[in-house]
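Notes for the structure review
Single-letter residue listing:
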Amino acid sequence: MPLSLPIELDPDASKPLFLRIARALIRDIERGRLHPGDRLPGTRTLAKQLAVHRKTAVAAYDELALQGWIVLQPSRGASVSLSLPDPALRSSRASDPSVTAAFAPPRASIPTEGIAPLVFTDGTPDPRLLPRAELSRAFRRALGSRAFLSPIGYGDPRGSLRLRAALAEWLADTRALAVGPDDILLTRGSQMALFLAARAVTEPGDAIAVEDPGYPLAWAAFRAAGAEVIGVPVDSGGISIEALSSLARQRGNIRAVLVTPHHQYPTTTTLGAGRRLALIRLAVEHGWTVIEDDYDHEYRYEGRPVLPLAATGPLDDGRSAVYLGSLSKLLAPGLRLGYAVANPGVLRAMTAAREAIDRQGDLPLEAAIAELLLDGELRRHARKARNVYLERRDALAERLHREFPESLSFDVPAGGLAIWTRVAPEVDATAWAARAAARGLVVSAGTRFALDARSAPNAFRIGFATLASDEAAAAVRRLADALPSNRSSAGLDV
Ligand SMILES: Cc1ncc(COP(=O)(O)O)c(C=O)c1O
């Protein structure tokens, strides 16, 4: 019989309940109260015992399975993993789900030796496509450059002027953004830009309206600045303007709204023209700063590229805007380079905050990327990568349609690097993802992107860019193997 556990929940009620449950169970494993191989109560029992919704118990087990603490098997239910890392590592706080990044990539827990894990990312590019020879040459040159060898060693905290100038041209060309080098701050990924923007436009006690579902690390950046994060529902047309207007009437402390209009994260929808204008109008009316996270602008497969909000409508309408971009999707997330475009006041505040934590950017990286931008290599790479990803998108969409005609439904995304698939209501996406993790496949369920796991969409965000054809085929087979066979108990009382 699986044991019934007296669970001592972390009293910090600001953390999501499922994380508090997961954390309590990790503590029990670390303390030796639970041992490798021990069976855990089923999610139904656990939910009853803790008086929580069953989805919360499923989400807690899913988190633990993704981190490799427990294994979920249809026949045996949940048990403490037999292959936990060594005790020294186990007791490290780095394994605590509330201490590791809130959005660390999930891991597959593989019960069978010798199976290489496969990952449907949440939409990252394939670093194998990088122009590595050209990048290496550019890095070598940068390391020998005068700027790098200068005895001063420090430069402009906004980043290399050469790169900012090249980027300004690229932004004008590809997004109709009329900016110059002084309107740009280079950052270590757009995550840093989000963090700095949060400090520049909000004060503790202010609120920011965000898309829900949305990008949890952006919420983390705003919470770190002391801001309250308020979710606004997203539908098939993007962020709900109606909900945003009604929020504006109820709450006087909103200072900013954060959106991903080009490819809504995670649902991939493009915000239509009507909603764009309505959003800008609302923001101007209420004095909000619109923070636009355009994280994967380069990948557009259907129709013409959609211009950023920052380039839409009259720019002299008194609006305050911060436009954020990143090279993480164009090149690779391991190359930390992002940027912010904003008005001088906001940019100054962001630069000052950046200098306080990181005096300047990575000079060789900035010089190398400037070279690739100026000699056209980045443009060539963007074209090549887009074609590869278009093919991967279509092949995966085809496979998913064929393999899961009833369990998954989706629109093929017009851009971006992921497919948002709704999971049939009789199948629990979180439980399905947990079963996939136990079979060596990582896939992100809707709970990962929701402000409140209880109202999370029953869906997957399936990145298609990193898997070549044979890898995608194998991943889809694992997903099919993991599909709960008894749909009516798809909630999986593991
Ligand atoms: C929606 C969204 N915004 C921002 C980022 C941050 O990217 P980076 O910090 O790597 O530029 C990501 C990365 O996955 C993302 O998905």
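Scroll up to find the structure this text is about.
Position labels on residues start from 1 in each chain and follow its written sequence. Local features are withheld for residues below a pLDDT of 70 in this predicted model, meaning they are given only at 70 or higher, and side-chain atom pairs are given and counted only at 80 or more; totals for whole chains, interfaces and linings count all residues. The basis for every side-chain value is the complete set of heavy atoms in the structure, and neither hydrogens nor water enter the calculation.

**Brief notes about a nonpolar patch on the surface**
Selection criterion: In this analysis, a patch consists of residues with relative accessible area above 30% that form no salt bridge, clustered at 9 Å for like charges and at 5 Å for the nonpolar side chains Val, Leu, Ile, Met, Phe, Trp and Tyr. In short, Shrake-Rupley with a 1.4 Å probe defines the accessible areas, and a residue's cover is counted only from the protein chains shown. Should a side-chain nitrogen of Lys or Arg be within 4 Å of a carboxyl oxygen of Asp or Glu, the pair is scored as a salt bridge. By definition, any uninterrupted DSSP run of H or I lasting at least four residues is a helix, any uninterrupted run of E lasting at least two residues is a strand, and each is numbered from the N terminus. Here's how the labels work: a residue is buried when its accessible area is under 20% of the maximum for its type, exposed when over 50%, partly exposed in between, all with a 1.4 Å probe on protein chains only.
Side chains of L143, F148 and L149 sit close together on the surface and give an oily, nonpolar patch of about 280 Å² of accessible area. With respect to the helices and strands, the residue L143 is situated in helix α5 (residues 132-143). On the basis of relative accessibility, which here comes to 42%, the residue L143 falls in the partly exposed class.

**What about the site of the ligand?**
The criterion, for reference: Note on terminology: near, applied to a residue and a molecule or strand, indicates that one of the residue's heavy atoms is within 4 Å of it. The term polar contact refers here to a pair of N or O atoms within 3.5 Å; inside protein, the definition further demands a hydrogen-donor-capable atom paired with an acceptor-capable atom, and it admits residues adjacent in sequence only when both atoms are side-chain atoms.
Neighbouring residues of the ligand: G189, S190, Q191, Y215, Y265, D293, Y295, S326, S328, K329 and R336. Within the side chain of D293, a nitrogen or oxygen atom sits 2.5 Å from a nitrogen atom of the ligand. Burial of the ligand by the protein amounts to 93% of the accessible area it has alone, namely 390 Å². No other element matches the three residues that helix α8 (residues 189-201) contributes to the shell around the ligand.

**Structural notes on the nonpolar core**
Short version of the rule: Only buried residues count toward a nonpolar core. Its members are Ala, Val, Leu, Ile, Met, Phe, Trp, Tyr and Cys residues joined through side-chain atoms within 4.5 Å. Any pair of residues with heavy atoms lying within 4.5 Å of one another is described as a contacting pair.
Grouped together as the largest cluster of nonpolar side chains are 67 residues, with contacts concentrated most on F120, L400, W432, F460 and L479. When near neighbours in sequence (up to four residues on either side) are disregarded, F120 contacts L396, L441, V442, V443, I462, G463, L467, A475, V476 and L479.

**Things to note about the pattern of salt bridges**
Counted by the stated rule, this structure contains 20 salt bridges. For D156, the salt bridge is made with R158, and the minimal N-O distance between the two is 2.9 Å. Residue classification places D156 among the partly exposed residues on the basis of a relative accessible area of 28%. The exposure class assigned to R158 is partly exposed, which follows from its relative accessible area of 23%. Note that R164 is salt-bridged to D182, the shortest N-O span being 3.8 Å. Of the two residues, R164 sits in helix α7 (residues 161-175) while D182 sits in the loop between α7 and β4 (184-187), which places them 18 residues apart along the sequence.

**Here's the deal with the packing of helix α10 (residues 241-250) against helix α11 (residues 273-286)**
Threshold: Helix axes use the C-alpha atoms of the stretch in contact, all axes being lines fitted to C-alpha atoms, and the angles between their N-to-C directions lie in the range 0 to 180 degrees. Here the word oblique covers every angle except those under 35 degrees (roughly parallel), over 145 (roughly antiparallel) and from 65 to 115 (roughly perpendicular).
Their axes nearest at 10 Å, the elements α10 and α11 cross at an angle of 10°. When the interaxial angle is binned, α10 and α11 end up roughly parallel. Contact residues: α10 offers I241, L244, S245 and A248, while α11 offers R275, A278, L279, L282 and H286.

**Re the environment of D481**
By the secondary structure assignment, D481 is in helix α16 (residues 469-482). In sequence terms D481 and R439 are 42 residues apart; their C-alpha atoms lie 8.1 Å from each other. Filtering out sequence-adjacent residues up to four positions away, D481 remains in contact with R435 and R439.

**Some words on the environment of V476**
Here V476 lies in helix α16. In this structure, the C-alpha to C-alpha distance between V476 and L118, residues 358 residues apart in sequence, is 9.9 Å. Other than its neighbours up to four places away in sequence, V476 contacts F120, L396, R399, L400, E403 and F404.

**Re the pairing of strand β5 (residues 207-212)**
Remark: a regular strand shows side chains that alternate across the two faces of the sheet. In plain terms, the rule: With the strands aimed away from the viewer, a crossover counts as right-handed if its path from the first strand over the helix to the second runs clockwise. One bridge is not enough; two strands pair if DSSP finds at least two bridges between them.
The buried fraction of β5 is high, at five of six residues. Regarding topology, helix α9 (residues 216-224) serves as the crossover connection from β5 to the parallel strand β6 (residues 228-235), and that connection is right-handed. Relative to strand β8 (residues 254-259), β5 runs parallel, the two being bridged by four bridges. Looking at β8, one finds that A207 is bridged to I254.

**What to know about the sheet that holds strand β11 (residues 338-342)**
Hydrogen bonding along the main chain pairs the strands of a sheet, whether they run parallel or antiparallel. Taken in spatial order, the eight strands line up as β4-β11-β10-β9-β8-β5-β6-β7 in an open sheet, and their pairing is mixed. Of all the strands in the sheet, the pair left with one neighbour each is β4 and β7 (238-239). Sheet topology note: the β8/strand β9 (residues 289-293) ladder contains four bridges and is parallel. By the bridge assignment, V259 is partnered in β9 with E292. Together, β5, β6, β7 and β8 form the strand contacts of α10, whose direction differs from that of β6 by roughly 150°.

**Some thoughts on α11**
Applied cut-off: By definition here, a helix of n residues has an expected span of 1.5 Å times n minus one.
Between its terminal C-alpha atoms α11 stretches 20 Å, which fits the 20 Å expected from 14 residues at 1.5 Å a residue. When we look at burial in α11, the residues that qualify are R276, A278, L279, I280, L282 and A283. Following α11 by one or two positions, G287 has its phi on the positive side, about 70°.

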